[in-house]
Amino acid sequence: MRAGIFVPYFFYISYGVCSTALVVSRIATRPLSPFHIGNFPRKLFNISSNNLTVLKWNLSIQQRSTITQSALLRQDSSNATLLHKLELSLKDRQLNDAWRQFNDFKSMYGYPEKSLLSRLIVELIYSSNSHWLRKAQSLVFSIFREKPNLLDHDFLVKLALALARAQMPIPASTVLRIILEKDKCLPVDFWATIFLHIVKTPTGACLALNLLVDISESFLTSKANYDSTVRKHSKLTPLKTIIFNLVLNACVGFGATLKAQQVMEDLMPRIGVKADAGSIVIMSLIYERNGLRDELKQLKEFVDGASDSLNYLYQKFYNSLLSLHFKFNDIDAAAALILDLYKRGQPTKCSYKFGMRNNEFQRPHFVHIGSPNQRTGLKLQIEPDILDSHISVEADSSDILVMFVDGKLVVGNKALARVIGEYIRDRKVTELSKFLIGIEKEIFIPEKSRLSSDVVDDLVQLGWLETAHDILDDFESAGVTGEFDMYKLLLTAYCKENKFKEARVLLRQMRKIGWLKNFSDQQVISTCLEQDKNVIPDYTGIKKSSLAYFLSIGAEDIDPLPALVYEFNSSIYFFCKAKMIEDALKVFQKMKQMKLHPTIQTFSFLLDGYSSLCMYREITIFWGETKKRIETGDLAVDRDLLECFLLNFIRGGYFERVIEVAGYMTRNSLFADTGKYKQEFLKLHKDLYKRLKASQARTEAQSRRLEHVQAFKTWVGIL
């Protein structure tokens, strides 16, 4: 009985062991669902509910692990295959294949490793096809938004330079701002090279000027972070004069002189950039366009002492100064400048070797920004006898008054005619005579035909006989002997017009000098009457470059803007630079009371004064008057002026006005540097209404402001 019982018991144990082995064997050979185990009696395995759950979980993990490992193997194979194909395509420079494989890889696995990504971008950049350059630009911008740590500094520089060379200044400026945002210091030569390409268009010149402001502010910030000890050994390289010359010269060429003046006066002194001869000439062109004469008068004494070898360049400086004298209707100052120019061209003046400075110019020279009478303000160091050979000033003045001929500065007939004509119109013949005598008596002129002789001849042939005679009288009183032909031409003209009384007076003067003593008055007059009529030619076919031509057109060539406008603008500029805004506004009100139309410069100077005092609320009121004059046509739409308003409204947080100014720029097809405005917004209002929705606005005013902020963000591309 016991044996019978023992046999089945042993059988069950054996059966259990075999069954367990079978299950383990199945698990080892193929994955099983834990559900299969449930088909066997639990008592057979002596497995509790908890143990069964654990077993099912372990089997599930093993199954998933096996599947995952298989998938990873397939993924690694696909990953490696795509990368290998991408590398081969780049090696063979098959950009179509490389771009397709890159997109396939990115859609599945994201961006490849940094080295391979850099190779792709570099190949796209160096392709001669602009299509691939745009692809490189788009890719860089995407990386900057998604994974900026993958951006390599070197290929950013290469991309910026390639875009600039391809005359794509807007994306080039965006890349350059990314470089600045990454706080990377680039060599000065790089900026000079890239600006050389960018500034060839009006849009590029505008962007280059804004970038120059960004670079300068970045430099000043970095410089401020160093203490005095570290600063001496720091690697901070100041921006060189050549960069400012390059950008400011382009701005003058494209008419952007208002903002160029702000950069020149604010950044150059603060950074410590020295103004060389090229800078001084560019400054003179900027000041001429903006109607500021006193600033050029400060520079004149230094320019007068510069080397004669720079005459070809300083011709533009003297041209600008003389033009401003005429705009201010200061004929005495114009005459004095012309005399100085004649003296400058004389052989007695010392000459200095190009690039070298005399003893007087070895010490540094500084000019005040605004006025030397101001106790506060910036000072700009100038080097009038030094010129960086890498830059040439191509921008020219609106009028050619002073020329460079045969190594000398020569005053043109247009300038001489303006002085002579104004003296005659103002009945200042004595002053005119002194001017001509000064040239004749004090200055040696090697030309065969002297200036005074030409002047008298032209006056006679234009019929201004009395004026010509007065000049000859003044010459006689001063002990200066005029040429015989001058008297002869005037005498003939008197006789032709039957002015015999005046002819006899002139004959007495001629005999006093020693001429015609052997001839009676009647003989001389008869001879004059028998002269050919062509002695006094008809001036209808006169050459348009001659002195007589400019004398004949007279007031037709005078600046239509009243001289008082320039005077008032100059006063407003002075007060605004001195932060005396109330005095500037008094001048502005007086200007309006006298019914003188303010110019773009008037509004620009006042806006600059408000901005320097951070009076943003007052600027919104000032914008109202500016807008009114623009709408009535009394004020032209100027991009520099509108951008200055826009930047001030961003700083003050007046986004309704920002959108309004932006609308003016859009309607007038004026370029807007949205990258600059975006940068300004993020610097000052980064978190403004970041989480507030329109439905959460508490007041109608807040709702409108939120709407304007969102409109601005959309315009500048803030997502």
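To be clear, the structure that these remarks concern was listed above.
Residues numbered from 1 in each chain as written. Predicted model: local features only at pLDDT ≥ 70, side-chain atom pairs only at ≥ 80, totals over all residues. Heavy atoms only, no water.

*Asks:* What exactly am I supposed to notice about empty space enclosed by the protein here?
*Replies:* One way to see where empty space is left: roll a probe the size of a water molecule over the atoms. Within the structure shown, the criterion is met by two cavities of 30 Å³ or more. What the largest cavity holds in volume is close to 100 Å³. Put simply, the parts of the chain that give the lining of the largest cavity at least two residues each are α14 (257-271), α27 (563-577) and α29 (600-612). Of the residues forming the lining of the largest cavity, the biggest block, four residues, is contributed by α14. Of the voids in this model, the second largest cavity is the one considered here, and its volume is about 50 Å³. Lining the second largest cavity are Met283, Tyr287, Glu295, Gln298, Leu299, Val367, His368 and Ile369. Of all the elements in the fold, those that place two or more residues in the lining of the second largest cavity are α15 (277-290), α16 (294-304) and β1 (365-368). Per-element accounting of the lining of the second largest cavity gives the leading share, three residues, to α16. A class-by-class count of the residues in the lining of the second largest cavity yields five nonpolar, two polar and one charged. (1 Å grid on protein atoms, 1.4 Å probe; cavity = no way out; pocket = protein on both sides within 12 Å on 5 of 7 lines; lining within 4 Å. Points joined across faces, edges and corners; volume = space filled by probe spheres on them. Helix = DSSP H or I, 4+ residues; strand = E, 2+ residues; numbered from the N terminus. Nonpolar A, V, L, I, M, F, W, Y, C, P; charged D, E, K, R; others polar.)

*Asks:* Looking at this structure, how should I read the pattern of salt bridges?
*Replies:* Pairing is possible between side chains of opposite charge, provided their charged atoms come close. Counted by the stated rule, this structure contains 28 salt bridges. When the shortest N-O distance is used, the salt bridge between Glu383 and Lys274 registers 3.9 Å. Of this pair, Glu383 sits in the loop between β2 (379-382) and β3 (402-405) while Lys274 sits in the loop between α14 and α15, and the two are 109 residues apart along the sequence. Given a relative accessible area of 14%, Glu383 falls into the buried group. (Salt bridge = Lys/Arg side-chain N within 4 Å of Asp/Glu carboxyl O. Buried < 20%, exposed > 50% of the residue type's maximum accessible area, 1.4 Å probe, protein only.)

*Asks:* Help me understand the nonpolar core in this model?
*Replies:* Ranked by size, the top nonpolar core spans 211 residues in total, and within it Trp191, Ile194, Phe195, Tyr314 and Phe435 carry the most contacts. Sequence-distant contacts of Phe195, that is, excluding residues within four places in its chain, are made with Ala208, Leu211, Leu212, Ile215, Ile243, Leu246 and Val247. (Core = buried A, V, L, I, M, F, W, Y, C linked by side-chain atoms within 4.5 Å. Contact = heavy atoms within 4.5 Å.)

*Asks:* Teacher, can you tell me more about the side chain of Arg418 here?
*Replies:* Its location among the elements puts Arg418 in helix α19 (residues 413-425). Under the relative-accessibility criterion, Arg418 is labelled buried at 13%.

*Asks:* Would you mind going over the environment of Gln167 with me for this structure?
*Replies:* Relative to the elements of secondary structure, Gln167 occurs in the loop between α8 (153-165) and α9 (169-181). Apart from the residues lying within four places of it in its own chain, the contact partners of Gln167 are His197, Lys200 and Thr201. Within polar-contact distance, the side chain of Gln167 engages the backbone oxygen of His197 at 2.9 Å. (Polar contact = N/O pair within 3.5 Å; in protein donor to acceptor, adjacent residues only side chain to side chain.)

*Asks:* Would you mind showing me how to read the packing of helix α30 (residues 616-632) against helix α32 (residues 655-667) here?
*Replies:* Any two packed helices are characterised by how steeply their axes cross, that is the angle between the axes, and by the distance between the axes. For the pair α30 and α32, interaxial distance at closest approach is 12 Å and the crossing angle is 25 degrees. Taken together, α30 and α32 sit at an angle that is classed as roughly parallel. α30 and α32 meet at a crossing whose hand is left-handed. On α32, the residues touching Thr620, Trp623, Lys627, Ile630 and Glu631 of α30 are Arg657, Glu660, Val661 and Tyr664. A breakdown of the residues in the contact of α30 with α32 according to their chemical character gives four nonpolar, one polar and four charged. (Axes fitted to C-alpha atoms, helices over the stretch in contact; angles between N-to-C directions. Parallel < 35°, antiparallel > 145°, perpendicular 65-115°, else oblique. Left-handed = near helix turned anticlockwise from the far one by under 90°.)

*Asks:* Looking at this structure, how should I read the pairing of β3?
*Replies:* Walk down a regular strand and you will see the side chains alternate between the two sheet faces. Bridge analysis of β3 against strand β4 (residues 408-411) gives four bridges, and the strand direction is antiparallel. Note that in β4 the partner of Val405 across the bridge is Lys408. Taken together, β3 and the strand that follows it, β4, pair antiparallel across an intervening segment of two residues, in which Asp406 is found at a positive phi of about 55 degrees. (Pairing = 2+ DSSP bridges.)

*Asks:* What is the right way to look at the packing of helix α28 (residues 581-593) against α29 in this model?
*Replies:* In contact at an axis separation of 10 Å, α28 and α29 are set at 155 degrees when each is read in the N-to-C sense. Between α28 and α29, the interaxial angle falls into the category roughly antiparallel. In this structure, the crossing between α28 and α29 has a hand that is left-handed. Within the contact between the two elements, α28 uses Ile581, Ala584, Leu585, Phe588 and Met591 and α29 uses Thr602, Phe603, Leu606, Gly609 and Tyr610. Here the residues of the contact of α28 with α29 are counted per class, giving eight nonpolar, two polar and no charged.

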